[in-house]
Structure formats: C-alpha cells, structure tokens
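One letter stands for each residue in the lines below.
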Amino acid sequence: MPFQYQKYFTQFGVDEQAIEKERSELSKQFNQKNVSDKDLAWSLFAKLNLEAAKKNNANLLSRIYYSQALFADETRRRNPFDLLQQAAHWKLMEMKELENAGLKYAAKISAFKSCEACKSQDGQIFTIDEALQKMPLPHKECTTQLFNYPGFCRCEYIFERIKEDQSRLTTSNSPRPRPRKVINIALIAIVVLCFACITFGWVLQTFFPIDSAVAIPTSTLSSSVIIPTSTASGTSVDQYMQEYGGNPDVYTKILSLTDCTTLQQEFDQASANLALQSPGTSQYKWSIGYMKASDNRMKQIACY
Ligand SMILES: [Zn+2]
C-alpha cells in the first residue's frame with residue numbers, strides 16, 4: 001500500500017525505498033507487523049530533523065519543521081504550535097548566517113490574509129536578534145484554523161536589507177532615520193575638490209601656457225579626483241573570487257554597473273538564488289558573493 005503522507009516528504013528527497021526501509025526498521029524495533037503510516041511519518045520527520053541538525057542547515061530545518069507542523073495539524077497528532085515556532089526560529093537563524101557573512105537584515109512581519117490578532121502586528125520590524133529573543137511568530141493568540149487546531153499562524157517574516165549604521169530598529173513603525181549627513185559632507189568635499197582642480201587647470205593654462213601636446217587636460221585632472229579607484233571594502237573581482245568563488249564575469253558586470261535599480265535587481269536575483277541553495281554548498285557561497293558585490297557597489301555609488 002502506498003505511503004499516505006508522501007506529500008510531506010517529497011521536497012526532502014525521501015523516496016519510496018527510504019520509506020520502506022524505515023517501515024521495516026520500525027516494525028522490527030517495536031515487534032509489530034504493521035506500522036501505521038502516521039507513526040512512520042513521525043519517525044521519518046525525527047530522522048530528517050536529526051540529519052539537518054547535524055549539518056546545521058537552518059534553511060532545511062525550517063522547512064522540515066513547517067512540514068511537520070502541517071502533518072501534526074492534519075493528522076491530529078498534536079498541537080503544531082511548537083513546531084511552527086521551531087520553523088520560525090530556524091528561518092531567523094538562516095538570516096543570522098547571512099548577517100554573519102556581512103549582510104544585515106531586518107525581519108518584517110507580513111500578516112497577509114491572517115486573523116485579527118495576526119493583523120495587529122502586520123508590518124512590525126525587528127532586528128534578527130530581537131526577533132530571535134521575542135519570537136513574535138507564530139502569534140500566540142492566532143485563531144487561524146487550518147485543519148484541527150486553532151492557532152496555525154500563517155504570518156511570515158519578510159527580510160529587508162538594512163544599512164550597517166542602522167543597527168537599532170524598534171518594534172514601533174517609526175520612520176527610519178536616514179543618516180544622510182555623511183553622504184552630504186562627502187558630496188560637498190567632492191564638489192570643492194573638483195572646483196579646485198578645474199580652477200588649478202585654468203590657472204595653469206592661462207598663466208603658464210605650455211605646449212598643447214603635453215598639456216594636462218582639465219577633465220583628466222578633475223575626473224581623477226571624482227572617481228575613486230578603490231574603496232575600503234574589497235571590491236576587485238579577484239577579491240570576490242578568492243572569498244566567495246563563482247563567475248568572474250558576473251562580478252565584473254556588477255562592479256561596472258552605475259544604475260541603482262539594475263544593481264538592486266542583481267542583488268534580488270542573487271538573493272532569490274540563495275534561497276534555493278543549501279548552506280555550505282559552493283552555489284550558496286557564490287550567491288552570497290554576488291549579493292555582497294551588489295550591496296558594496298550600491299554603497300560605493302551612494303544608492304542608499
Ligand atoms: Zn493568526
């Protein structure tokens with residue numbers, strides 16, 4: 001007879017062979033001829049969790065716990081609240097890994113199509129650490145009933161990139177501070193320098209005329225001041241390749257972009273790819289590299 005709960009396991013690569021193996025192991029262990037599909041599923045979840053925990057794979061753990069919560073609810077195995085909490089915890093831990101790689105995120109609650117209790121916290125923003133500590137999801141007073149137990153909170157975290165100096169976020173939705181002062185000072189300094197260079201060039205040409213073949217064009221002088229040849233954070237293709245690997249052409253393309261919207265698209269694309277990868281794989285690392293490169297480039301050309 002086919003396994004009744006296959007749908008909960010397909011995404012984790014658990015095939016018929018693995019299921020039958022587990023079935024026979026369980027029947028030996030408990031000296032039972034027929035192991036119920038429910039018990040078999042529960043045992044499979046335990047194994048999957050253990051394997052993912054060994055690999056410290058936050059993304060996978062989050063997905064397994066969510067699937068297990070659905071199963072617990074549908075089969076009346078037990079109240080799925082703590083399983084949903086585990087899924088939310090590991091989702092945040094996944095973002096914590098990205099933070100450790102230098103990409104700062106804020107967790108924003110999305111309560112689309114939720115109960116009244118959930119809607120009350122829609123749009124609230126937390127730092128990852130705050131969210132890990134307060135665990136606002138799943139909402140403790142959620143009344144949504146999916147199968148058998150009320151409280152199957154379907155709120156989600158949406159992760160938003162934040163600036164490095166914007167370290168303090170509160171749960172209130174006050175407008176975010178926009179520290180533009182530094183950018184303004186830098187812009188004024190560039191304008192002043194530029195003006196000085198042009199004036200210097202003009203003085204040179206006017207009062208000390210030299211052979212035009214060797215004259216230094218003023219445009220070269222000014223542009224050499226405006227365009228930074230390097231920045232504080234490593235920005236060369238080689239540096240990214242060394243740290244994250246991937247495709248040098250992608251880095252070259254990102255680093256040559258001068259349009260903030262296109263850079264944001266590059267970032268979003270890499271971020272979407274990252275979500276499909278397992279932490280620890282090369283592809284996962286490449287995606288972080290592309291995200292990092294886009295992010296640094298956006299900072300470099302003052303997109304935000
Ligand atoms: Zn709810």
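Keep in mind that this is a model prediction, so the values were computed, not measured.

Some remarks on the overall build of the chain
And then number 1: When its secondary structure is counted, the chain shows twelve helices and three strands.
And then number 2: For the chain, the residues scored as buried account for 26% of the 304 residues in total.
And then number 3: Intrachain contacts of the chain at a sequence separation of at least 6 include 60% that bridge at least 24 residues.

Regarding the sheet that holds strand β2 (residues 125-127)
And then number 1: The antiparallel open sheet is built from three strands, whose spatial order is β2-β1-β3. Of all strands in the sheet, those bounded by a partner on one side alone are β2 and β3 (156-161). With direction set aside, neighbouring strand axes in the sheet form an average angle of 35 degrees.
And then number 2: In terms of strand pairing, strand β1 (residues 105-110) meets β3 through six bridges, oriented antiparallel. Each bridged residue has a counterpart across the sheet, and for A107 the counterpart in β3 is F159.
And then number 3: Here helix α4 (residues 81-100) sits on the sheet in contact with β1 and β3, set at roughly 155 degrees to β1.

So, the confidence of the model for the chain
One rule of thumb: low pLDDT means the predicted coordinates there are not for detailed reading.
And then number 1: In the predicted model, the chain carries a mean pLDDT of 83, and 82% of its residues have values of at least 70.
And then number 2: Note on residues 170-178: pLDDT under 50 across the span, and six contacts to partners over four residues away in sequence or across chains.
And then number 3: Counting contacts from residues 210-233, a segment whose pLDDT is below 50, to residues more than four positions away or on other chains yields 19 contacts.

Some thoughts on the environment of I125
And then number 1: Structurally, the position occupied by I125 is in strand β2.
And then number 2: Residue I125 is classed as buried on the basis of its 20 C-beta neighbours within 10 Å.
And then number 3: Sequence separation of I125 and A107 is 18 residues, and the distance between their C-alpha atoms is 5.7 Å.

Looking at the packing of helix α3 (residues 58-74) against α4
And then number 1: One way to put it is that α3 packs onto α4 with a least axis distance of 8 Å and a crossing angle of 165 degrees. Comparing their axes, α4 and α3 come out roughly antiparallel. In the crossing of α3 with α4, the sense of the turn from one axis to the other is left-handed. Contact residues: A58, N59, L61, S62, Y65, Y66, Q68, A69 and A72 in α3; L83, L84, Q86, A87, W90, K91, M93, E94 and E97 in α4.

Focus on helix α1 (residues 16-29)
And then number 1: A rise of 1.5 Å per residue sets the reference length of α1, with its 14 residues, at 20 Å; its end C-alpha atoms lie 20 Å apart and thus fit the reference within 8%.
And then number 2: For α1, a buried count of zero out of 14 residues is recorded, marking the element as mostly open to its surroundings.
And then number 3: Positive phi appears at N31, one or two residues downstream of α1, with a value of about 50 degrees.

Describing the packing of helix α9 (residues 237-244) against helix α12 (residues 282-300)
And then number 1: At a closest axis distance of 9 Å, the pairing of α9 and α12 adopts a crossing angle of 150 degrees. In this structure, the crossing between α9 and α12 has a hand that is right-handed. In contact with Y240, E243 and Y244 of α9, α12 contributes K285, W286, I288, G289, K292 and A293.
And then number 2: Among the residues making up the contact of α9 with α12, the classes are represented as five nonpolar, one polar and three charged.

Describing unusual backbone geometry
And then number 1: Note that the residue after L137, namely P138, is joined by a cis bond; omega there is -5 degrees.
And then number 2: Locating P138 in the fold gives a position in the loop between α6 (128-134) and β3.
And then number 3: A positive phi is found at N31, a non-glycine position, where the angle reads about 50 degrees.
And then number 4: Take N31: there are 6 C-beta atoms within 10 Å of it, and that puts it in the exposed class.
And then number 5: The backbone phi angle of N56 is positive, close to 55 degrees, even though this residue is not glycine.
And then number 6: Tracing the backbone through its elements, the reader meets N56 in the loop between α2 (37-54) and α3.

Here we look at the pairing of β1
And then number 1: Relative to β2, β1 runs antiparallel, the two sharing three bridges. For A107, the partnering residue across the bridge sits in β2 and is F126.

Topic: the environment of T261
And then number 1: Inspection of the secondary structure assignment puts T261 in helix α11 (residues 260-276).
And then number 2: Sequence separation between T261 and M298 is 37 residues; the distance between their C-alpha atoms is 9.4 Å.

Each value, and the rule that gives it
Residues numbered from 1 in each chain as written. Predicted model: local features only at pLDDT ≥ 70, side-chain atom pairs only at ≥ 80, totals over all residues. Helix = DSSP H or I, 4+ residues; strand = E, 2+ residues; numbered from the N terminus. Buried ≥ 20, exposed ≤ 12 C-beta atoms within 10 Å, placed from the backbone. Contact = placed C-beta atoms within 7 Å. Pairing = 2+ DSSP bridges. Axes fitted to C-alpha atoms, helices over the stretch in contact; angles between N-to-C directions. pLDDT = per-residue confidence, 0-100. Parallel < 35°, antiparallel > 145°, perpendicular 65-115°, else oblique. Left-handed = near helix turned anticlockwise from the far one by under 90°. Expected span 1.5 Å × (residues − 1). Nonpolar A, V, L, I, M, F, W, Y, C, P; charged D, E, K, R; others polar.

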